[in-house]
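Residues per chain are reported as follows:
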Amino acid sequence: MKKIFAIAVSAVLLLGALSFAGCAHKDNPHGYDANIVVQSSRGDEWLFAPETEELTAEYEYTGEEIEFRVARYNLPDMWIPGQGSPQDFRNEWFDSGNDSRFYQDTYIFYNEGGKRQKCKRVDKLIASEKGKYVFGFKTSGEGIFNYREFYLTVTIY
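Since we're looking at a predicted model, the values are computed, not measured.

Quick look at the overall build of the protein chain
Phase 1 of the analysis: A count of helices and strands for the protein chain gives one helix and twelve strands.
Phase 2 of the analysis: Along the protein chain, from the amino end to the carboxyl end, the secondary structure elements read α-β-β-β-β-β-β-β-β-β-β-β-β.
Phase 3 of the analysis: Out of the 157 residues in the protein chain, the part that is buried amounts to 32%.
Phase 4 of the analysis: For the protein chain, the accessible area works out to roughly 10,200 Å², and carbon and sulfur atoms hold 52% of it.

Concerning the packing of aromatic side chains
The description of two aromatic rings rests on the distance between their centres and on the angle between their planes.
Phase 1 of the analysis: Applying the stated criterion across every chain, the model contains eleven aromatic pairs.
Phase 2 of the analysis: With centroids separated by 6.4 Å and ring planes inclined at 35 degrees, the aromatic side chains of Y107 and Y133 adopt a geometry described as tilted. With a gap of 26 residues between them, Y107 in strand β8 (residues 102-110) and Y133 in strand β11 (residues 131-139) connect regions that are remote in the sequence. For the residue pair Y107 and Y133, the accessibility class agrees, reading buried in each case.
Phase 3 of the analysis: On the basis of an interplanar angle of 45 degrees and a centroid distance of 4.5 Å, the ring pair of F109 and Y133 is categorised as tilted. Linking F109 in strand β8 with Y133 in strand β11, this pair joins segments that are 24 residues apart in sequence.
Phase 4 of the analysis: For F109, a relative accessible area of 1% gives the class buried.
Phase 5 of the analysis: Exposure remark for Y133: the relative accessible area of 4% places this residue in the buried category.
Phase 6 of the analysis: Chaining the aromatic ring pairs together yields one cluster made of W46, Y59, F68, Y107, F109, Y133 and F135.
Phase 7 of the analysis: Here R72 stacks its cationic end above the ring of W93, 5.9 Å away from the centre of that ring.

Section: the nonpolar core
Phase 1 of the analysis: V38, F68, F135 and V154 are the most contacted members of the largest nonpolar core, which has 28 residues in total.
Phase 2 of the analysis: Contributing elements (two or more residues each) for this core: β1 (35-40), β2 (45-48), β3 (54-59), β4 (66-74), β8, β10 (125-127), β11 and β12 (148-156).
Phase 3 of the analysis: Leave out the neighbours within four places in its chain, and V154 touches A57, Y59, F68, G131, K132, Y133 and F135.

Focus on the environment of I66
Phase 1 of the analysis: Looking at the secondary structure, you find I66 in strand β4.
Phase 2 of the analysis: Along the primary structure I66 and S40 are separated by 26 residues, whereas in three dimensions their C-alpha atoms are 6.4 Å apart.
Phase 3 of the analysis: Once you skip the residues sitting within four places of it in the chain, I66 turns out to touch S40, S41, R42, Y59, L125, I126 and A127.

A few points about the pattern of salt bridges
Phase 1 of the analysis: Overall, the coordinates contain two salt bridges when judged by the stated rule.
Phase 2 of the analysis: Two residues, R42 and E64, come together in a salt bridge whose shortest N-O distance is 3.2 Å. Of the two residues, R42 sits in the loop between β1 and β2 while E64 sits in the loop between β3 and β4, which places them 22 residues apart along the sequence.
Phase 3 of the analysis: With its nearest N and O atoms 2.8 Å apart, the salt bridge here joins E45 to R72.

Cut-off values and rules
Residues numbered from 1 in each chain as written. Predicted model: local features only at pLDDT ≥ 70, side-chain atom pairs only at ≥ 80, totals over all residues. Heavy atoms only, no water. Helix = DSSP H or I, 4+ residues; strand = E, 2+ residues; numbered from the N terminus. Buried < 20%, exposed > 50% of the residue type's maximum accessible area, 1.4 Å probe, protein only. Areas by Shrake-Rupley, 256 points an atom, 1.4 Å probe, with all protein chains shown as cover. Phe/Tyr/Trp six-rings, centres within 6.5 Å; stacked < 30°, edge-to-face > 60°. Lys NZ or Arg CZ within 6 Å of the ring centre and 35° of its normal. Core = buried A, V, L, I, M, F, W, Y, C linked by side-chain atoms within 4.5 Å. Contact = heavy atoms within 4.5 Å. Salt bridge = Lys/Arg side-chain N within 4 Å of Asp/Glu carboxyl O.

So yeah, pure geometry; function would need other evidence.
Right, here's the structure in full:
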C-alpha cells in the first residue's frame, strides 16, 4: 500500500512540475540577446545590455509628461557567415519603430508616500506626477530575439 501511495504522490508531483514547465518563457533556439536603448521624450537614453535587468532615472517635477519607449536595438552576437562576404550585424543599430517584438506594456506607480496607486497595462509609458514609476519592457522571444524582461525605474521628485 505504501508503494502505491508513493507512486501516486510521485505522479501528481511530476504532472504538477510538467504543467509549470509549459508556462515558462523559453529562449528562441535561433534567437540573439540584444542591446536595447530606451529613450525618453526629453532625449535621455538608457542602454540595457543583455545582462542588465534594471536601470534608474531621476527627474525634477515640472508637471510635464515624459514618455518612455524602446528606441533602437543592436545584436552584439549576430554574425552570419555566408558564401562570399559574411553579414556582420554586431556594430549596427536598428530603429525599433513600432516593432511588435518589443512590448512596453506595464507599469507600477508609487506616490510620494510610497503607496502603490497604479499597476496596469498601457500603450504608452508616461511619467508626470511626483513619485516612483517602474516601467516594464519585454522582447517577444520570436524571430531573432531571445525572450527578455527589463525595467526602468523613474523617480520624479
